[in-house]
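Residues per chain are reported as follows:
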Amino acid sequence: MRTHYCGDINEALIDQTVTFCGWVHRRRDHGGVIFLDVRDREGLVQVVFDPDTIEAFNTADSVRSEFVIQITGRVRARPEGTTNANMRTGMIEILGKEITILNKAVTPPFPLDGYSDVGEEVRLKYRYMDMRRPEMQDKLRFRSKVTSSARRYLEDNGFLDIETPILTRATPEGARDYLVPSRTHEGSFFALPQSPQLFKQLLMVAGFDRYYQIAKCFRDEDLRADRQPEFTQIDVEASFINEEDIMGFAQGMIKQIFEKELNVDLGDFPRMPFSEAMSRYGSDKPDLRIPMELVDVAEFLQDIEFKVFAGPAKDPKGRVAALKVPGGAELSRKQIDEYTKFVSIYGAKGLAWIKVNEIEKGVEGLQSPIIKFIGDDNTMKIMDKLGAKNGDIVFFGADSTKVVNEALGALRCKIGEDLNMYTAEWAALWVVDFPMFEENSDGSISALHHPFTAPSCSAEELQNAPLEALSRAYDMVLNGCELGGGSIRIHDESMQHTVFKVLGISEEEQREKFGFLLDALKFGAPPHGGLAFGLDRLIMLLTGAQSIREVIAFPKTQSAACVMTQAPGEVSNLQLRELHIKLREKAKPVAE
């Protein structure tokens, strides 16, 4: 039906006859001459119809926005002064000779030739129209290129593309499972995989050595800008490797994608222990583009009478930290109040501050309502430790270590963005030496990553001091986002039993949930490890999108629904009976 795509027609084709198809992006009538901008996935081309070709002219006059058409015409150079250097086809136009209307279109729910924000729900309801916009086409084409680049890199390095099951059994991986009732096994359920974790380990036991998959994963959890109930990850696992090997593969793949698709050299990736990241940045995914750090100041506040600071300063599980914002003294009281409200999201009860006006005058050159509680001497010692200068503002966090890290860590990133403090466009690093376990508020212990992560100590040391044990895990962080993470896995059955024991998983529960894995480990499992990259998040970062919904063809809303297909939806009673399911009746409101 065509000889060329719209966006591929250029000066090399001048005086040639071409045929192309697409949608009417824009129609203009200029004094008896009709101009059509025709669009396909490769771009736009301008077509001119004059009254000399009566039939074609009349047909062109009848078309409207988003009609599907086929055009045959002659390529010619645009008249002087009408070229458009911003378009791939901006140096030429088509003199239309024939036009066929392949399909008509009703008025679109929103304009595509001059897009305005009509609200995300409308865009998602008519997603097939939204994806006609060049911006969406560019993002999804770019996603395809990145996926292809990752596949080529991994296959060039000996990785095999192997699919793993979508219908599997529920295993504890940190989030709720999506459950699928079985018709043939009454009362039993499949679970959709939160990741291919166990299956890729079994592929290593099976001897495939290097595996990868562009895998669909599912998690029933509360959504954010960078979360979806179904998401895609670049999943990788390899045998007979250590941390250096797998991190080398992963870093090489990401660097190649950036170099090929963005012409960006990410340079060497620094490595930072988890404990250092939390201490300096309050986060295990620090944004190194922001030149601010958290500084501990508890040493100056343990003996003061002001309990808001003294309490956490003396508490082994507490922290008092300061965040110096260069040039932040310009912040208004209203802005400070907004930041105070912001940190309350993370459990902070307030946000103390000191403005540095004239540091050479000592406390007389400082402005803050808290100096009288801290004391002049302590205040100046803190200013000295921070290296405070005129024009700075210092924010304080005093609470449990968890609250201080989360609140000041988030505040650091927000202020960095608000004040445009970024020192680079991209900043990547590896965070390593994660704790093996974390203690919950009820005193129980849970795995920081997952229970198949190998510790860096012996089984005896792990059992004696679980909260002191480090894991052989690693996360790649880019611009404050966790791009991917993984670990060396447990390949020894006795070590796996020890980890389960520390986690309080009984022998019976181990057999019930992980019996197939424990059995596999008995048959000569090789040392192995891997990692997974969030493909949606990677594309979001690479394209500068504000949400991963912008880089997924058919995403769900914040409430995990599809407004286009109206999913999830009700099913018939017959289907429920076949699945041996009976729904509870909704409670009827009590009449007053």
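Look a little higher up for the structure.
Within each chain, residues carry numbers counting from 1 in the order of the written sequence. With pLDDT at 70 or above as the cut-off, local features in this predicted model cover only qualifying residues; side-chain atom pairs require 80 or more to be listed or tallied, and sums for whole chains, interfaces and linings still use all residues. Excluding hydrogens and water, the side-chain figures rest on all heavy atoms present in the structure.

Caption draft 1: The arrangement of the packing of helix 14 (residues 493–502) against helix 15 (residues 507–521) in detail. Comment: axis = line fitted to C-alpha atoms, over the contacting stretch for helices; angle = value between 0 and 180 degrees taken between N-to-C directions. Helix numbers and strand numbers start at the N terminus; a helix is a DSSP run of H or I with at least 4 residues, a strand a run of E with at least 2. Where helix 14 meets helix 15, the axes come as close as 11 Å, and the angle between the chain directions of the two elements is 155°. The angle between helix 14 and helix 15 falls in the class roughly antiparallel. Classified by chirality, the crossing of helix 15 by helix 14 is right-handed. Across the interface between the two elements, Glu493, Gln496, His497, Phe500 and Lys501 of helix 14 pack against Glu507, Gln510, Phe514, Leu517, Leu518 and Leu521 of helix 15. For this classification, Asp, Glu, Lys and Arg are treated as charged, while Ala, Val, Leu, Ile, Met, Phe, Trp, Tyr, Cys and Pro are nonpolar and the rest, including Gly, are polar. Here the residues of the contact of helix 14 with helix 15 sort into five nonpolar, three polar and three charged. The labels follow the angle: roughly parallel below 35 degrees, roughly antiparallel above 145, roughly perpendicular from 65 to 115, and oblique for the rest. If you view the pair so one helix is near and one far, a crossing is left-handed when the near helix is turned anticlockwise from the far one by less than a right angle, and right-handed when it is turned clockwise. Here, residues are in contact when the closest pair of their heavy atoms is within 4.5 Å.

Caption draft 2: Fine view of the layout of surface pockets. The calculated volume of the second largest pocket comes to roughly 750 Å³. Forming the boundary of the second largest pocket are 19 residues, of which Tyr178, Leu179, Pro568, Gly569 and Val571 lie nearest the centre. Using protein atoms alone on a 1 Å grid, points that fit a 1.4 Å probe yet trap it form a cavity, whereas open point sets bounded by protein on both sides within 12 Å along at least five of seven lines form a pocket; residues with an atom within 4 Å of a point count as lining. Grid points are joined across faces, edges and corners, and a volume is the space filled by probe spheres set on the points.

Caption draft 3: Layout of the side chain of lysine 139. With respect to the secondary-structure elements, lysine 139 resides in helix 4 (residues 134–156). When neighbours within four sequence positions are excluded, lysine 139 is seen to be in contact with Ile539, Thr543, Ala545, Glu550 and Val551.

Caption draft 4: Fine view of the pattern of salt bridges. A carboxyl oxygen of Asp or Glu within 4 Å of a side-chain nitrogen of Lys or Arg is what we treat as a salt bridge. The tally for this structure, following the rule as stated, stands at 43 salt bridges. The residue glutamate 243 makes a salt bridge to arginine 472 at a minimum N-O spacing of 2.7 Å. Within this pair, whereas glutamate 243 is found in helix 6 (residues 243–262), its partner arginine 472 is found in the loop between helix 13 (459–464) and strand 20 (473–478), the two being separated by 229 residues in sequence. Measuring nitrogen to oxygen at the nearest pair gives 2.9 Å for the salt bridge that ties lysine 513 to glutamate 509. Highlighted residues: lysine 513 and glutamate 509, both in helix 15, separated by four residues, approximately one helical turn.

Caption draft 5: Highlighting the packing of aromatic side chains. Two aromatic rings from Phe, Tyr or Trp, using only the six-membered ring of Trp, form a pair when their centres are within 6.5 Å; if the ring planes differ by under 30 degrees the pair is stacked, by over 60 it is edge-to-face, and anything between is tilted. Applying the stated criterion to the full structure yields 13 aromatic pairs. Look at phenylalanine 159 and phenylalanine 249: their rings are 5.3 Å apart centre to centre, the planes differ by 90°, and that puts the pair in the edge-to-face class. Highlighted residues: phenylalanine 159 in the loop between helix 4 and strand 6 (160–161) and phenylalanine 249 in helix 6, separated in sequence by 90 residues. As far as burial versus exposure is concerned, phenylalanine 159 and phenylalanine 249 are alike and both buried. With 5.0 Å between their ring centres and 85° between their planes, phenylalanine 258 and tryptophan 426 make a pair best called edge-to-face. Only protein chains enter the accessibility calculation, which uses a 1.4 Å probe. A residue is then buried if its area is under 20% of the maximum for its type, exposed if over 50%, and partly exposed in between.

Caption draft 6: Up close: helix 14. Every buried residue of helix 14 is listed here: Met495, Gln496, Thr498, Val499, Phe500 and Val502. Looking at the buried positions of helix 14, the neighbouring elements they touch are strand 18 (437–439), strand 19 (445–447), helix 13 and helix 15.

Caption draft 7: How the structure looks around the environment of lysine 372. Considering the arrangement of structural elements, one finds lysine 372 in helix 10 (residues 371–374). Of the residues examined, lysine 372 reaches a relative accessible area of 70% and is grouped as exposed. Distance in space between the C-alpha atoms of lysine 372 and glycine 347 is 25 Å, their sequence separation being 25 residues.

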